[in-house]
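Structural overview for review
The chain contents come next:
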Amino acid sequence: IVCACACTYFYCCEDRDYYLGSTFATQHKHKHKHKHRRSPSTELNLNRAFFTTMIMIIGIIRVAAALLLTPLTQRHLQPFAHARTDAENEVKLILQRIEEDTLKLRDEVENAYTQRCSIETLSQCSRGSFNGCSSVFPNQQCMAADELVVEACGGGGGNGCNALWDKTTSIVSIPSALAQGKDDNPTDPELIETACYTLLAEDYMRTKYENDEIFWDSYNVQPSWTYFGAHNGLFRKLPGTVDEECGNYDPRLRPWFVAASSGPKDVVLVLDVSGSMSDYGRMDLAKEAAITVIKTLTISDRVAVIAFSDYAYQVHSDSGTDLLVRATNENKNLLIDSIQKLTDGGATNFHAGFQQAFDALERTIEQEYTSGCNVAILFMTDGVRTAGPETDEVLSLINDSTQRLATLYNRDTKIFTFSLGAQADRLATKEIACSTNGIWTPVGDFDGDLVGAMASYYKLFALGLGDDTEFTAWVEPYEFFWTKKMGTTNSAPVFDRSVDPPLFLGVVASDVHMDAFEQVLGENAQSSTMLQRFIRLSTAQCPKIDLSDCQLEGLRYLAGGEEATCGMCNSTDYPGIIPTECPFKPDLPKNLWQNTDVEGVKYEDRACCEIGSNVPSEMCGIPDEIDTTEIDTSTNSIGLVLGITIPVLFVICCCGWLFCKHKKVSPPTDVPKEVVGTNALPVASVSSAIPANNAQVTYGGVTAVMPPSASAPPMNPAFHVRT
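We now turn to the structure provided with this report. Note that this is a predicted model, so its numbers are computed, not measured.

So, on to the packing of aromatic side chains. Tallied over the full model, the rule gives 22 aromatic pairs. Plain terms: the ring middles of Phe235 and Tyr249 are 4.8 Å apart, the flat faces sit at 50 degrees to each other, and that makes the pair tilted. A residue pair is termed long-range when its members are at least 10 positions apart, and Phe235 in strand 5 (residues 235-238) and Tyr249 in the loop between strand 6 (240-241) and helix 8 (255-262) qualify at 14 residues. For Phe235, a relative accessible area of 5% translates into the label buried. On the basis of relative accessible area, Tyr249 is assigned to the partly exposed category, the value being 31%. Plain terms: the ring middles of Phe308 and Phe379 are 5.4 Å apart, the flat faces sit at 15 degrees to each other, and that makes the pair stacked. Here Phe308, found in strand 8 (residues 302-308), pairs with Phe379, found in strand 11 (residues 374-381); they are 71 residues apart in sequence, far enough to count as distant. Taken individually, Phe308 and Phe379 each receive the classification buried, so the pair is uniform in this respect. The ring of Phe215 is capped by Arg97, whose NZ or CZ atom sits 4.0 Å from the centre of that ring.

The structure is reproduced here in structure tokens:
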């Protein structure tokens, strides 16, 4: 095709004489100047014929080549196709094994829950667990360099240091807001019970890790963590590692937790950005809550953010799309950046916010960019409606729109409203939730925990997964905090299945490095092909939500207490929603920790060690104070020298280049009046005789000395000088 285009252009372009050479063209024109020239139409037809002929010839060659080469290509590619199929099958087996292990861990935790109130469980629990921030582990050892690399301890820096861990012991982490007792013990009875019954699953977690070491060794990959995150915020994992940041980790805010507890979903956040949001830091609170929700979403979800005041508009994640976008890491980061830039101002128009949300949902569903599952609209406001239609019209809009989505697209839409601040119009936002089978949560100005309240939406969706015993979720590959390698997480919801509906307890999960998949498939962990593989795995199942009025009331009670209920149920027990407390509350242990020997000690002194040892080392870690005076001085000196030298050299080089270019392109001053010939070149103004040896000739303002005659090349007969 390239040859055909080039030949056609060469043949047809009006300047083709240039390509044929000026002398030949001149002679050709003089020779045929009296002959009949072709008409323009004839010339055009010839050009078309030539072009068509060339295309036909190339087409014939291409067909012939395809017929001749196809059998040969198939024979050569067939082994590669078989190899690719074998690789895909091997990956499927690996993924299947991981999912089966996750479900087995779920079964262990669910079985342990049934024993949470036994005297034996509670007695073993007292001083039976290890705290990731304050405990010394029983079988701790320094990680080998090929196991993990902890940069905070200088791991990987060639200094022989790394961090302590214990492959035989699980550790417990609790958010600091929930650990208010002595030595950071929890005081809530349910949290204590959770620490006790999850300890019963430690034996299985230990055995699983030992089996994983054998399995993953064939791929030269290190096994990773197995863990359980409870719905109340407690976190237990194995192997045990030293927590670098104490009290900050909350499993409920992690994508693997929300993915397993809610399944695929379409989420639209509707944020009030009116002028009153500037009071009492409510704008920052709303931004924090929205960003937290976005961070928990996974590749199986779709998301959009609507901002409203007098009017509403969609906060875009990329090039101006008005659809919900897939919650990839890239899209989430773009949305978070846009949310952080929002400013407050204007009135409060509820109707505009909801209208924009439903419009975005319907556009997305019509174009089939949706998750195909449940829909959640999270509406956050601080004030009384001050613009737009009345509350009755807002309710009509919501009910009509949710009914339309259900009728036309078979989508179940849930509304979650949040009143921010003491001055918020609680009546309107609660009425919206109660009138649309939604959930309302009141949040105070200073003592409100909006981040915790946002959990109400996934707790509702979790109830749709209680009857599915095979459901697991995958998340988009991401960089692991400890290893700095790419990995992914497989997770599954945990329920008390003895009640109806099954009571959501939390999520179990297993981490896996992407190294094995990269080896087998030859794909990068961050490639689009790899991402699509996990998208297919994550969107395969959709939870079905079918709640009674009392069950929905129980969820409202969890979200905001008795104030948040809508008076739809006379019962206050809410079975399947509110956990039943153990009858032996006075017998609950007061201290969960086996020891608190390193409480209050900074991370480097608790964790950093020399490889091969089992205790912390003062030689490892990053020193608190480093004398940087000498380093800074030398660095500044080098920077000063480079800062002066490089610009000077650059200027010199530029001047030299310009000077040489000027010399090279200076026009000759004494070129003859006419020089004609094939490939004619200007020659010096000289006599017809060849200059004698070492004679001086002037050309273009430059004086040259002729070489001796013995070495002078013969004169090119093609050049002729006309005087």
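Counting buried positions over the 11 residues of helix 6 (residues 189-199) gives nine, a clear majority of the element. Among all positions of helix 6, only Leu191, Ile192, Glu193, Thr194, Ala195, Cys196, Tyr197, Thr198 and Leu199 are buried. Here helix 6 starts with a cap whose side-chain oxygen sits 3.2 Å from the backbone nitrogen of Glu190, and that cap is Asp188.

Within the secondary structure, Asn524 is located in the loop between helix 16 (515-521) and helix 17 (528-538). Taking the relative accessible area as the measure of exposure, Asn524 reaches 46% and is therefore partly exposed. In this structure, the C-alpha to C-alpha distance between Asn524 and Met486, residues 38 residues apart in sequence, is 9.7 Å. Filtering out sequence-adjacent residues up to four positions away, Asn524 remains in contact with Glu518 and Met530.

As a further point, take the state of the cysteines. According to the stated counting rule, one finds eight disulfides in the structure shown. Here Cys125 connects covalently by a disulfide to Cys196, the sulfurs 2.1 Å from one another. Around the S-S axis, the bridge from Cys125 to Cys196 shows a dihedral of about -80 degrees and counts as left-handed. Placement of the pair is Cys125 in helix 5 (residues 119-125) and Cys196 in helix 6, with a sequence separation of 71 residues.

Right, let's talk about empty space enclosed by the protein for a bit. A complete count under the given rule lists five cavities of 30 Å³ or more for this structure. Around the largest cavity, the lining residues are His231, Lys459, Leu463, Leu503, Phe504, Leu555, Leu558, Gly576, Ile577 and Pro579. Counting residues per element, the ones that place at least two in the lining of the largest cavity are strand 17 (503-513) and helix 18 (549-560). For the lining of the largest cavity, the residue count by class is seven nonpolar, two polar and one charged. The wall of the second largest cavity is formed by Arg97, Ile98, Asp101, Lys208, Asp212, Trp216, Pro223, Ser224, Ser510, Asp511 and Val512. For the lining of the second largest cavity, a count of residues per class yields four nonpolar, two polar and five charged.

In this fold, Asp382 is placed in the loop between strand 11 and helix 12 (391-409). Residue Asp382 is classed as buried on the basis of its relative accessible area, which comes to 1%. A polar side-chain atom of Asp382 sits 3.0 Å from a polar atom in the side chain of Ser276. Reaching out from Asp382, the side chain makes a polar contact with the side chain of Arg282 at a distance of 2.9 Å.

Each value, and the rule that gives it
- Residues numbered from 1 in each chain as written.
- Predicted model: local features only at pLDDT ≥ 70, side-chain atom pairs only at ≥ 80, totals over all residues.
- Heavy atoms only, no water.
- Phe/Tyr/Trp six-rings, centres within 6.5 Å; stacked < 30°, edge-to-face > 60°.
- Helix = DSSP H or I, 4+ residues; strand = E, 2+ residues; numbered from the N terminus.
- Buried < 20%, exposed > 50% of the residue type's maximum accessible area, 1.4 Å probe, protein only.
- Lys NZ or Arg CZ within 6 Å of the ring centre and 35° of its normal.
- Polar contact = N/O pair within 3.5 Å; in protein donor to acceptor, adjacent residues only side chain to side chain.
- Contact = heavy atoms within 4.5 Å.
- Disulfide = S-S within 2.5 Å.
- 1 Å grid on protein atoms, 1.4 Å probe; cavity = no way out; pocket = protein on both sides within 12 Å on 5 of 7 lines; lining within 4 Å.
- Points joined across faces, edges and corners; volume = space filled by probe spheres on them.
- Nonpolar A, V, L, I, M, F, W, Y, C, P; charged D, E, K, R; others polar.

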